[in-house]
Amino acid sequence: MLSPIEFFVTVVLVSALSGILGALTGLGGATFLVPIYTLYLNVPIAYASGASLISTIATSSGAASAYVKDRITNVKIGMGLEIATTTGSIAGALTVAYIYARHLEFIVYIVFGIVLLSQVYVQLAKSKFELPKPIKPDWTTRVFELYGKYYDTVLKQEVEYHGVRWWLGEIIMFFAGFISGLLGIGSGALKVLGMDWAMNLPMKVSTTTSNFMIGVTAATGSSIYWIFGYIQPFLAAGTALGVLIGAFIGTKILVRVTNKTIRYIFTVILVFLGIQMILRGLGYGL
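Because the structure is predicted, anything quoted here is derived from the model rather than measured. (Residues numbered from 1 in each chain as written. Predicted model: local features only at pLDDT ≥ 70, side-chain atom pairs only at ≥ 80, totals over all residues. Heavy atoms only, no water.)

**Details of the overall build of the protein chain**
Looking only at helices and strands, one finds 12 helices and 2 strands in the protein chain. Helices (α) and strands (β) of the protein chain occur, in sequence order from the N terminus, as α-α-α-α-α-α-α-β-β-α-α-α-α-α. For the protein chain, the residues scored as buried account for 57% of the 286 residues in total. Across the protein chain, the fraction of contacts at a sequence separation of at least 24, relative to all contacts at a separation of at least 6, is 80%. Taken as a whole, the protein chain presents about 12,100 Å² of accessible surface, with 71% of it coming from carbon and sulfur. (Helix = DSSP H or I, 4+ residues; strand = E, 2+ residues; numbered from the N terminus. Buried < 20%, exposed > 50% of the residue type's maximum accessible area, 1.4 Å probe, protein only. Contact = heavy atoms within 4.5 Å. Areas by Shrake-Rupley, 256 points an atom, 1.4 Å probe, with all protein chains shown as cover.)

The following block contains the structure:
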C-alpha cells in the first residue's frame, strides 16, 4: 500500500510518461492515463476520468503553445472544428453521469477499449505515407480556406497542404467531443482521425492541431464532471503536473521524428491498452 507521498510521486511519473506519448500522437495524455490508473493503480474510473480531463487541459496548454510557436498548428481549422467538439462533450459528460449513477461502469471500460482499437486500422493503412496523398480541393477547401504550410525539420522542406471534406470533419469532431465527455479524455484519437483521414491533413498538422483543440473540449466536459463530484483534487493536481512536464518533453521529440515512427508507437500502445480495457469491462481484466 503506497503512502500519500509515494502515490503522488507515482502519479506524477506515470502522468509525465503519458504526457510525452500524448504530445507525440496528438491524443493527449488522458488517453493513456485512464487505462493505466484503472488497470494498474486501482483508481475508480470515474475519478481517473475526472483527473484525466484536468490533465488534458494542462497537455493542451503545454504542447499547443509550443506547436503554435513552431507554426505547425493550424489555428483557424482548429477553432472552426471546436464548435462540434464542445457540443459533443456536453452530451457525453451528461451521458456518463447517468451511467455512473446506475453503476454501469463496465460500459465505459468496453467503449474505451473499442475506441482505442478502432484507430489501429487507419494508422496501419497510413503508416507507409510520410505525407498524405494529394486530393483535389473541394468546395469546403475554398469556402473555409483550409490551407496551410509548415517547415518540416525531418524532411528539410516546407510542406504546403490543404484540407478537404470539412463537413465530414465536423461530424467526426462531434463524436470526438461526445467520447471525450463520456470517457474523460481529450479524444485526440478521433480528432486526429477527423483531420488526418477525413480532411487529408498531414499527420503533424493533425497531431498539433489536435493538441490545440483538446484543452477546450476537456474544459467543457470537466465542468460537468466537477458538478457531479468526479474530480478528486489531490489526484488531479499530480496528474496535471506530470502531464504538463511530459507534454513539454514530447514537443521537443516530435519535431525530430518521422510521421511513420509516431504512427507505429501509437498503434502498439492502442492495441495493448484497448484489449486490457475490454477485458476489464468483461470481468477478465487485471
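**Observations concerning the UniProt feature "transmembrane region" (unreviewed entry) in the protein chain**
Those residues carrying the UniProt feature "transmembrane region" (unreviewed entry) are residues 7–33, 45–68, 80–100, 106–124, 166–190, 210–228, 235–255 and 261–279 in this numbering. Helix makes up 100% of residues 80–100 and strand 0%, whereas the separation of the span's terminal C-alpha atoms amounts to 32 Å. Split by type, residues 210–228 is 95% helix and 0% strand. Its first and last C-alpha atoms lie 27 Å apart. (UniProt positions renumbered as here; feature names shortened; annotations may be inferred.)

**Some points on helix H4 (residues 75–101)**
The terminal C-alpha atoms of H4 lie 38 Å apart, and with 27 residues this matches the ideal 39 Å at 1.5 Å per residue to within 8%. Two residues or fewer past H4, His-103 is found with a positive phi of approximately 55°. (Expected span 1.5 Å × (residues − 1).)

**Focus: the side chain of Glu-82**
Topologically, Glu-82 is positioned in helix H4. Glu-82 has contacts with Met-213, Ile-214, Val-216 and Thr-217, leaving out every residue within four places of it along the chain.

**Side note on the nonpolar core**
One recurring pattern in soluble globular proteins: nonpolar side chains tend to sit buried together. Residues Tyr-37 and Leu-183 are the most contacted members of the largest nonpolar core, which totals 46 residues. Tyr-37 has contacts with Val-11, Val-14, Ser-15, Asn-42, Val-43, Ala-48, Leu-235 and Thr-239, leaving out every residue within four places of it along the chain. (Core = buried A, V, L, I, M, F, W, Y, C linked by side-chain atoms within 4.5 Å.)

**Description of the confidence of the model for the protein chain**
Mean pLDDT over the protein chain works out to 79, with 82% of the residues at or above the 70 mark. The secondary structure element of the protein chain with the lowest average pLDDT is helix H6 (residues 120–126), at 62, and the one with the highest is H4, at 87. (pLDDT = per-residue confidence, 0-100.)

**Observations regarding the packing of H4 against helix H8 (residues 166–183)**
Between H4 and H8, whose axes approach to 5 Å, the crossing angle comes to 30°. In terms of orientation, H4 and H8 fall into the roughly parallel class. Here H4 runs over H8; the crossing is right-handed. Along the lines of polarity and charge, the residues of the contact of H4 with H8 split into 11 nonpolar, 11 polar and 1 charged. (Axes fitted to C-alpha atoms, helices over the stretch in contact; angles between N-to-C directions. Parallel < 35°, antiparallel > 145°, perpendicular 65-115°, else oblique. Left-handed = near helix turned anticlockwise from the far one by under 90°. Nonpolar A, V, L, I, M, F, W, Y, C, P; charged D, E, K, R; others polar.)

**Let's talk about the side chain of Thr-86**
Looking at the secondary structure, you find Thr-86 in helix H4. Within the structure, Thr-86 has its side chain in polar contact with the backbone oxygen of Glu-82 (distance 3.0 Å). (Polar contact = N/O pair within 3.5 Å; in protein donor to acceptor, adjacent residues only side chain to side chain.)

**Looking at the packing of H4 against helix H5 (residues 105–118)**
At a closest axis distance of 7 Å, the pairing of H4 and H5 adopts a crossing angle of 130°. The orientation of H4 relative to H5 falls into the category oblique. Counting all contacts with H4, which are made through Val-96, Ile-99 and Tyr-100, the residues of H5 involved are Glu-105, Ile-107 and Val-108.

**Description of the packing of aromatic side chains**
Note on aromatic pairs: each is described by the distance of the centres and the angle between the planes. With the rule as written, the count across this model stands at 6 aromatic pairs. Pairing Phe-174 with Phe-175 gives two aromatic rings, centres 5.7 Å apart and planes at 80°, and the pair type is edge-to-face. On the basis of relative accessible area, Phe-175 is assigned to the partly exposed category, the value being 48%. Judged by centre distance (6.4 Å) and plane angle (15°), the rings of Phe-228 and Tyr-230 are stacked. Tyr-230 gets classed as buried once you look at its relative accessible area, which sits at 14%. (Phe/Tyr/Trp six-rings, centres within 6.5 Å; stacked < 30°, edge-to-face > 60°.)

**Considerations on H5**
For H5, built from 14 residues, the straight-helix expectation of 20 Å at 1.5 Å per residue is met to within 8% by its first-to-last C-alpha distance of 20 Å. Buried residues of H5: Val-108, Tyr-109, Phe-112, Gly-113, Val-115 and Leu-116, and no others. An end-on view of H5 places all buried positions within 160° of arc, on one side of the element. (Arc of directions from axis to C-beta.)

**Notes on the environment of Asn-200**
Counting through the fold element by element, Asn-200 comes out in the loop between helix H9 (188–198) and helix H10 (203–227). What makes Asn-200 buried here is its relative accessible area of 9%. Put simply, Asn-200 and Gly-163 are 37 residues apart on the chain and 5.8 Å apart in space, counted from C-alpha to C-alpha.

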